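# Residue-level structural notes
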Amino acid sequence: MDIATLNSGNTAWIMISTILVLLMSIPGIALFYGGLVRRKNILSIVMQTLFIVGVVSILWIAFGYSWAFDTSFAENGNPLAFLIGGFDKAFLHGIDIHTLTTGDIPELVFVMFQCMFAIITPALILGAFAERIKFSGYIVFITLWVIVAYFPMAHWVWGGGFLQQMGAIDFAGGTVVHINAGVSALVMAIMLGKRMDYRIGHPITPHNVTYVFMGTSFLWLGWFGFNAGSGLAADGLAANAFMVTHIATAMAAITWMVMDWICNKKPTTIGACTGAVAGLVAITPAAGTVDLLGAFCIGIITPIVCFFMVAAVKPHFKYDDALDAFGVHGVGGVIGSVLTGVFATRFITGEGGVQGALYGDWHQFWVQVITTLISIVFSAVVTYILFKIVDATVGLRVDKRVEEEGLDIYEHGESAYNH
């Protein structure tokens, strides 16, 4: 393809979006989750996040990108095409500075943009098993999880796989990122067991709420690259994704705050931050197909359901999803994925484009439901198998004394706060 077709505006925007998505992991998730744990465990969260950034980047370049976005297996009739794309682009074979993708941006930029999605996804799982996982077991589990859970799912939904062919809409990661990570988080939380001092109805106090706010701020900021960048162009679709992302998030933050105020008698910072993240999660799959009405509705419905999951369902079933990775990301992803099939509108998708049940097209709604269910089952089964393998070989739960005195000192030989 002639290099003259490169669009410098689109290229610049996707490079900026890539930086914004990286901000979601470091420092976003590290601060958000780090502030929610106790002071003796904050560095374990930082190290877990930093490890993901390093190892996933290497795996992505080595073969992850090829597995997700190569099409050679399908072209050659290889039966593995159902699971992965192929190996032709392993170590970015055949991609140079002149290779373009989606018509007008360098493929190297697209590789890096998608790499950041591969990084943020496993980072979301950390909240479920915080304060009680062995770092060595964590390394093995996360590495395997990215390979067998994330890479295939990215291919199915974004790389020409069967869910994309079925017509599933996932603009920026409702299934690939949030359901995938959230359901895995729930399975891990249940199988790893509760923290020793976890008591139903007595939440463990976060050690630094200011960090939680800072982490939320980086997530909110970075999400504009996450969603508005996913159209791979600086155009009207990006502008709409930019707007609905912000409005849904603002609506969700206020909705959660109001519910917090009504149910717990105080409007808390943690609550407002959690609501904002829930809104960000749910608008993600829908950002390329819904308008302002969809943004408002998703921003109201999602925090109500997520609040119920965190405040009622989790205590009822007595599982220790430490930082509500499932309650916010998993449930928010499910809501967003399904509601995409309700609120998608041709006002955004254009004449002949998809529309949701609200506008008379129930077909798209059921496509979204089926896609969501497949994602849930796949993530749960893969995580269950990986947990059994890693726990039987390396081990996943830290010793009682390590958990009691803190992962930072025992696992990493450091303390975040020194006098």
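Our structure's up above, just so we're on the same page.
Calculation rules
- Positions within a chain are numbered from 1, following the residues in the order the chain's sequence is written.
- Given that this is a predicted model, residues contribute local features only at a pLDDT of at least 70 and side-chain atom pairs are listed and counted only at 80 or more, while totals for whole chains, interfaces and linings are drawn from all residues.
- Side-chain calculation: all heavy atoms of the structure are included, whereas hydrogens and water are not.
- Here a cavity denotes grid points, spaced 1 Å and computed from the protein atoms alone, that fit a 1.4 Å probe unable to get out, and a pocket denotes an open set having protein on both sides within 12 Å along at least 5 of 7 lines; residues with an atom within 4 Å of a point are the lining.
- Grid points are joined across faces, edges and corners, and a volume is the space filled by probe spheres set on the points.
- Strands are runs of DSSP state E lasting at least 2 residues, helices are runs of H or I lasting at least 4, and numbering of each runs from the N terminus.
- Each residue is assigned to one class: nonpolar for Ala, Val, Leu, Ile, Met, Phe, Trp, Tyr, Cys and Pro, charged for Asp, Glu, Lys and Arg, and polar for all the others, Gly among them.
- A pair of aromatic rings is counted whenever rings of Phe, Tyr or Trp (Trp by its six-membered ring) have centres within 6.5 Å, and the orientation is called stacked for planes under 30 degrees apart, edge-to-face for over 60 and tilted otherwise.
- Three exposure classes are used, based on accessible area relative to the maximum for each residue type with a 1.4 Å probe and protein chains only: buried under 20%, partly exposed in between, and exposed over 50%.
- Every case where a carboxyl oxygen of Asp or Glu lies within 4 Å of a side-chain nitrogen of Lys or Arg is listed as a salt bridge.
- How far a helix is expected to stretch is found by multiplying one less than its residue total by 1.5 Å.

Roughly 850 Å³ of volume is contained in the largest pocket. In this structure, the largest pocket is lined by 34 residues; those nearest its centre are Pro203, Ile270, Val310, Lys314 and Asp324. Broken down by secondary-structure element, the contributors of at least two residues to the lining of the largest pocket are helix H1 (8-36), helix H9 (236-264), helix H10 (269-283), helix H11 (292-317) and helix H12 (325-343). No other element matches H11, which puts five residues into the lining of the largest pocket. Tallied by class, residues from the lining of the largest pocket come to 20 nonpolar, seven polar and seven charged. Here the second largest pocket defines a volume of roughly 360 Å³. Every residue lining the second largest pocket is counted, 19 residues in all, and those nearest its centre are Trp158, Gln164, Asp170, Phe171 and Ser230. Among the elements that line the lining of the second largest pocket, the one with the most residues is helix H4 (residues 107-125), at four residues. Taken together, the residues of the lining of the second largest pocket break down into 11 nonpolar, seven polar and one charged.

Taken as a whole and judged by the stated rule, the model has 29 aromatic pairs. With 6.2 Å between their ring centres and 85 degrees between their planes, tryptophan 67 and phenylalanine 151 make a pair best called edge-to-face. Of this pair, tryptophan 67 sits in helix H2 (residues 42-69) while phenylalanine 151 sits in helix H5 (residues 135-158), and the two are 84 residues apart along the sequence. Each member of the pair tryptophan 67 and phenylalanine 151 is classed as buried. Both rings, one in phenylalanine 117 and one in phenylalanine 226, keep their centres 4.5 Å apart while their planes meet at 10 degrees; by these two values the pair is stacked. Of the two residues, phenylalanine 117 sits in helix H4 while phenylalanine 226 sits in helix H8 (residues 209-228), which places them 109 residues apart along the sequence. The same class applies to phenylalanine 117 and to phenylalanine 226, which are both buried. Through successive ring pairs, a cluster of aromatic residues spans Trp60, Phe63, Tyr65, Trp67, Phe69, Phe73, Phe87, Phe110, Tyr150 and Phe151.

Pairing between side chains of opposite charge can happen when their charged atoms approach one another. Under the criterion given, the structure shown has nine salt bridges. The partner of aspartate 197 in a salt bridge is arginine 38, with the nearest N and O atoms 2.5 Å apart. Note that aspartate 197 is positioned in the loop between helix H7 (174-192) and H8 and arginine 38 in the loop between H1 and H2, a separation of 159 residues in sequence. A relative accessible area of 36% places aspartate 197 in the partly exposed class.

Bringing H4 into the picture now. The end-to-end C-alpha distance of H4, which contains 19 residues, comes to 29 Å, matching closely the 27 Å that a straight helix rising 1.5 Å per residue would cover. In terms of burial, H4 is largely enclosed, as 17 of its 19 residues are buried.

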